[in-house]
Amino acid sequence: KINGTNIEGKYDDVGTLNQDGNIFAGATTINSSAVSVAGKVSNAFSFTSASSHHIRLTSTTVTSMSDDNVGSIMFWTNQSTFGGKIFSICDSTANTEWNIFAGTGGKVAVEITSTGTTILTAETATGLVPLSTWTHVALVNNATNYVCYINGATVTWTVTAGTDGKWFNDISVVDNARIGNRNFNALGETTFYSGNLDDFRYYSTALTSIEILSIYA
């Protein structure tokens, strides 16, 4: 725990779950042989988009997360290409999704769509998440606005469409969650991440800057 806040889920490497009050427990389905490699913290998941590597969370996990109106997502990323979805929670048959990714030029971005309507798109400046470099990303939503941290420090967050502060409970019915890709709008498994992810965490609370820094450190 961090100052009494439960870690809702923490993936460290393939076959290993470190948890405290963990909604991810037993929820790992590792697809297409995503492998374990040396990481930033200990071991990391290694994803290759050409091999469709990704991790599926169970329906129980999806149901629990879909009710949240605040939360914190964080991870170490060392990616080989830009654009692949790092985490998503979606409807496999409709244009409904929440996803986070590192876009072209090394910016962190979030896209939220509900039944085809844009709820929020927002992003950081470019150059913050370079390729082939371990970078810690934390995104906190307090139901009013997002705060993005890169390597423990806050960075400018710009809303380009919709309303800041939207989270999982602001979108319509979802039926799946993924680490390393997305599954939405009858497109199947798509938009795969390439690179390594370490110490992926989700909290159902909005962590403070002190808590974020303690995790990063």
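These numbers come from a predicted model, not from an experiment.

Thresholds applied
Residues numbered from 1 in each chain as written. Predicted model: local features only at pLDDT ≥ 70, side-chain atom pairs only at ≥ 80, totals over all residues. Heavy atoms only, no water. Helix = DSSP H or I, 4+ residues; strand = E, 2+ residues; numbered from the N terminus. Buried < 20%, exposed > 50% of the residue type's maximum accessible area, 1.4 Å probe, protein only. Contact = heavy atoms within 4.5 Å. Areas by Shrake-Rupley, 256 points an atom, 1.4 Å probe, with all protein chains shown as cover. Arc of directions from axis to C-beta. Pairing = 2+ DSSP bridges. Phe/Tyr/Trp six-rings, centres within 6.5 Å; stacked < 30°, edge-to-face > 60°.

Each helix and strand counted, the protein chain has two helices and 19 strands in total. When each of the 217 residues of the protein chain is scored for burial, the buried share is 51%. Taking as baseline every contact in the protein chain between residues at least 6 positions apart, the subset at least 24 positions apart corresponds to 65%. In the form shown here, the protein chain has an accessible surface area of approximately 8,300 Å², with 46% of it arising from carbon and sulfur atoms.

Time to look at helix 2 (residues 209-216). Those residues of helix 2 that sit buried are E211, I212 and I215. Summarising the axial view, the buried residues of helix 2 lie within an arc of 100 degrees, below the 170-degree limit, and thus occupy one face. Considering only its buried residues, helix 2 is in contact with strand 7 (71-79), strand 12 (135-141), strand 13 (146-150) and strand 19 (195-203).

Right, let's get into the pairing of strand 5 (residues 43-47). The buried fraction of strand 5 amounts to four of the five residues, a majority that puts the element mostly inside the structure. Bridging between strand 5 and strand 19 involves three bridges; their strand directions are antiparallel. Across the sheet, F47 pairs through a bridge with G195, a residue of strand 19.

Each aromatic ring pair is specified by the distance between its two centres and by the angle formed by the two planes. Evaluation of the coordinates by the stated rule reveals 13 aromatic pairs. With 6.3 Å between their ring centres and 50 degrees between their planes, F87 and F168 make a pair best called tilted. Of this pair, F87 sits in strand 8 (residues 85-90) while F168 sits in the loop between strand 15 (158-162) and strand 16 (176-179), placing them 81 residues apart in sequence. Grouping residues by exposure puts F87 and F168 together as buried. Aromatic rings pair up to connect F75, F87, W98, Y146, W157, W167, F168, F200 and Y202 into one cluster.

The next thing to look at is the pairing of strand 16. Along strand 16, one buried face is formed by N176 and R178 and the opposite face, lined by A177 and I179, is buried too. With three bridges joining them, strand 6 (residues 54-57) and strand 16 adopt antiparallel strand pairing. Counterpart to L57 in the pairing with strand 16 is A177.

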